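Here is what each chain is made of, one letter per residue.
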Amino acid sequence: GAVVSQHPSWVICKSGTSVKIECRSLDFQATTMFWYRQFPKQSLMLMATSNEGSKATYEQGVEKDKFLINHASLTLSTLTVTSAHPEDSSFYICSASKGEGKAFFGQGTRLTVV
Amino acid sequence: GDSVTQMEGPVTLSEEAFLTINCTYTATGYPSLFWYVQYPGEGLQLLLKATKADDKGSNKGFEATYRKETTSFHLEKGSVQVSDSAVYFCALTAGGTSYGKLTFGQGTILTVHP
């Protein structure tokens with residue numbers, strides 16, 4: 001099956017710094033990638049949809065300038081949390097779609113801002 | 001907008017017990033429905049899916065039937081195992097070019113004891 005790799009699996013950063021999370025489709029080209037956020041004991045909430053070579057589409061309430069998404073190639077999308085604060089601590093998950101009927105998830109990144 | 005409601009957990013069962021996790025949805029049009037599973041320390045995995053009314057998705061002994069009249073997609077397994085302990089998410093997508101853009105339920109934690 002298709003594999004989506006997220007890196008890092010976990011990261012701790014100081015308040016005010018920026019953190020980059022990578023999402024790679026290892027054995028297929030992803031036309032679209034999605035970024036989700038999961039709070040403890042809560043569901044996954046879609047943050048944004050990114051298509052290769054174009055600007056990401058953000059869900060209502062998600063700050064574009066805080067959560068920068070770049071989808072430079074068909075196998076890589078990055079999420080940068082800028083000027084992170086403790087309330088940004090969460091579990092971030094990406095998924096990659098290769099078209100009709102198929103979407104695959106990364107293992108997630110746990111971000112802790114101290 | 002679209003929404004998914006799952007029964008609240010956690011659910012605790014003994015091995016070989018019967019499992020039901022309820023899921024109901026609200027959506028415009030004809031969504032596709034999914035169950036995802038998240039094992040401890042791992043990412044999300046697709047467990048099963050159904051793309052139209054009356055379809056039954058099945059995998060690893062789990063089943064769920066797409067019931068349009070009751071807008072439900074309940075997950076069932078006749079005899080659970082300890083290895084089934086995980087978090088289960090019901091989800092839907094509008095399909096088409098939005099495939100992979102998922103709306104999730106809140107997740108249900110299942111713990112199976114020997």
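Structural notes, computed from the coordinates.

Parameters at a glance
Residues numbered from 1 in each chain as written. Chains lettered and ligands numbered in written order. Predicted model: local features only at pLDDT ≥ 70, side-chain atom pairs only at ≥ 80, totals over all residues. Heavy atoms only, no water. Phe/Tyr/Trp six-rings, centres within 6.5 Å; stacked < 30°, edge-to-face > 60°. Helix = DSSP H or I, 4+ residues; strand = E, 2+ residues; numbered from the N terminus. Buried < 20%, exposed > 50% of the residue type's maximum accessible area, 1.4 Å probe, protein only. Salt bridge = Lys/Arg side-chain N within 4 Å of Asp/Glu carboxyl O.

### As for the packing of aromatic side chains
Considering all chains together, one arrives at 11 aromatic pairs over all chains under this definition. Ring centres of Y36 of chain A and F104 of chain B lie 5.5 Å apart, and the angle between their planes is 85°; this geometry places the pair in the edge-to-face category. Of the two residues, Y36 of chain A is situated in strand β4 (residues 32-38) and F104 of chain B in strand β11 (residues 103-104); the pairing between them involves two chains. Each of the two residues, Y36 of chain A as well as F104 of chain B, counts as buried. Note on Y36 of chain B and F104 of chain B: the rings are 5.9 Å apart at their centroids and 55° apart in plane angle, and the pair reads as tilted. Of this pair, Y36 of chain B sits in strand β5 (residues 32-38) while F104 of chain B sits in strand β11, placing them 68 residues apart in sequence. Through successive ring pairs, a cluster of aromatic residues spans Y36 and F105 of chain A together with F34, Y36, F89 and F104 of chain B.

### With respect to the pattern of salt bridges
Following the criterion strictly, the structure yields 6 salt bridges over all chains and no others. K101 of chain B serves as the salt-bridge partner of E59 of chain A, at 3.5 Å between the closest nitrogen and oxygen. On the criterion of chain membership, the pair formed by E59 of chain A in the loop between β6 (57-58) and β7 (67-73) and K101 of chain B in the loop between β10 (86-93) and β11 is interchain, its members lying in two chains. Residue classification places K101 of chain B among the partly exposed positions, given a relative accessible area of 33%. For D84 of chain B, the salt bridge goes to K77 of chain B, with nearest N and O atoms at 2.8 Å. Under the relative-accessibility criterion, D84 of chain B is labelled buried at 6%.

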